[in-house]
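Read off the chains here:
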Amino acid sequence: PDNKTIVSGSDDNTVRVWDVASGELKSTLKRHTNAVSCVAISPDNKTIVSGSWDDTVRVWDMANGELKSTLKGHTGRVSCVAISLDNKTIVARSYDNEVRVWDMDSGELKNTLEGHTEGLTCAAISPDNKT
């Protein structure tokens, strides 16, 4: 990341992109139908990923704000998203107690991790993309 951009999610169902130095609002991304609970910026600064209480994960083009894909499958509010350092994998956690793993380019669901029985609050992907 370039440390020049802040991305925020809100109860107003939007993702907003801000310039750190000036505080200027650069864009507002509107496609979620409920509160945006989590956001992530890809390490290459090309993609924004947002999770929402509408049970979806959305993938956005950072340069133009275009919605690239909507990842569906969770049956509960999405509360955590992460992007691998190689910009190939999205991990999302939901109140359905599942962690879902998607291919960032194709949007293909790669895996669903189940086993938590209560209160799954966060998920992360290892920085080396191997372990």
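Look up: the structure comes first, before these words.
Rules used in this analysis
- Residues numbered from 1 in each chain as written.
- Predicted model: local features only at pLDDT ≥ 70, side-chain atom pairs only at ≥ 80, totals over all residues.
- Heavy atoms only, no water.
- Core = buried A, V, L, I, M, F, W, Y, C linked by side-chain atoms within 4.5 Å.
- Buried < 20%, exposed > 50% of the residue type's maximum accessible area, 1.4 Å probe, protein only.
- Helix = DSSP H or I, 4+ residues; strand = E, 2+ residues; numbered from the N terminus.
- Contact = heavy atoms within 4.5 Å.
- Pairing = 2+ DSSP bridges.
- Axes fitted to C-alpha atoms, helices over the stretch in contact; angles between N-to-C directions.
- Salt bridge = Lys/Arg side-chain N within 4 Å of Asp/Glu carboxyl O.

Draft legend 1. A look at the nonpolar core. By size, the foremost hydrophobic cluster in this structure holds 13 residues, and its most contacted members are Val49, Val57, Val81 and Ile90. When residues of this core are traced back to their parent elements, those giving at least two are β4 (36-41), β6 (57-61), β8 (78-83) and β9 (89-94). The dominant element in this core, judged by the number of residues it contributes, is β8, at 3 residues. Contact partners of Val81, with chain neighbours within four places excluded, come to Cys38, Val39, Ala40, Val49, Ser50, Gly51, Val57, Val91 and Ala92. Membership of the second largest hydrophobic core comes to 9 residues, among which are Val7, Val17, Ile48 and Met62.

Draft legend 2. Up close: the sheet that holds strand β10 (residues 99-103). Strand order in the open sheet made by the 4 strands is β8-β9-β10-β11, with antiparallel pairing throughout. Since the sheet does not close on itself, it has two edges, and those belong to β8 and β11 (109-113), each with one partner. With strand direction ignored, the average angle separating the axes of adjacent strands in the sheet is 15°. Sheet analysis places β8 next to β9, joined by 5 bridges and oriented antiparallel. Bridge pairing links Cys80 to Arg93 in β9.

Draft legend 3. Expanded view of the pattern of salt bridges. If you walk through the whole model with that rule in mind, you get 3 salt bridges. With its nearest N and O atoms 3.1 Å apart, the salt bridge here joins Asp12 to Arg16. According to the relative accessible area criterion, Arg16 is partly exposed, its value standing at 24%. For the salt bridge of Arg100 with Glu98, the shortest nitrogen-to-oxygen distance reads 2.9 Å. With a relative accessible area of 11%, Arg100 lands in the buried category. Assessed through its relative accessible area of 14%, Glu98 is described here as buried.

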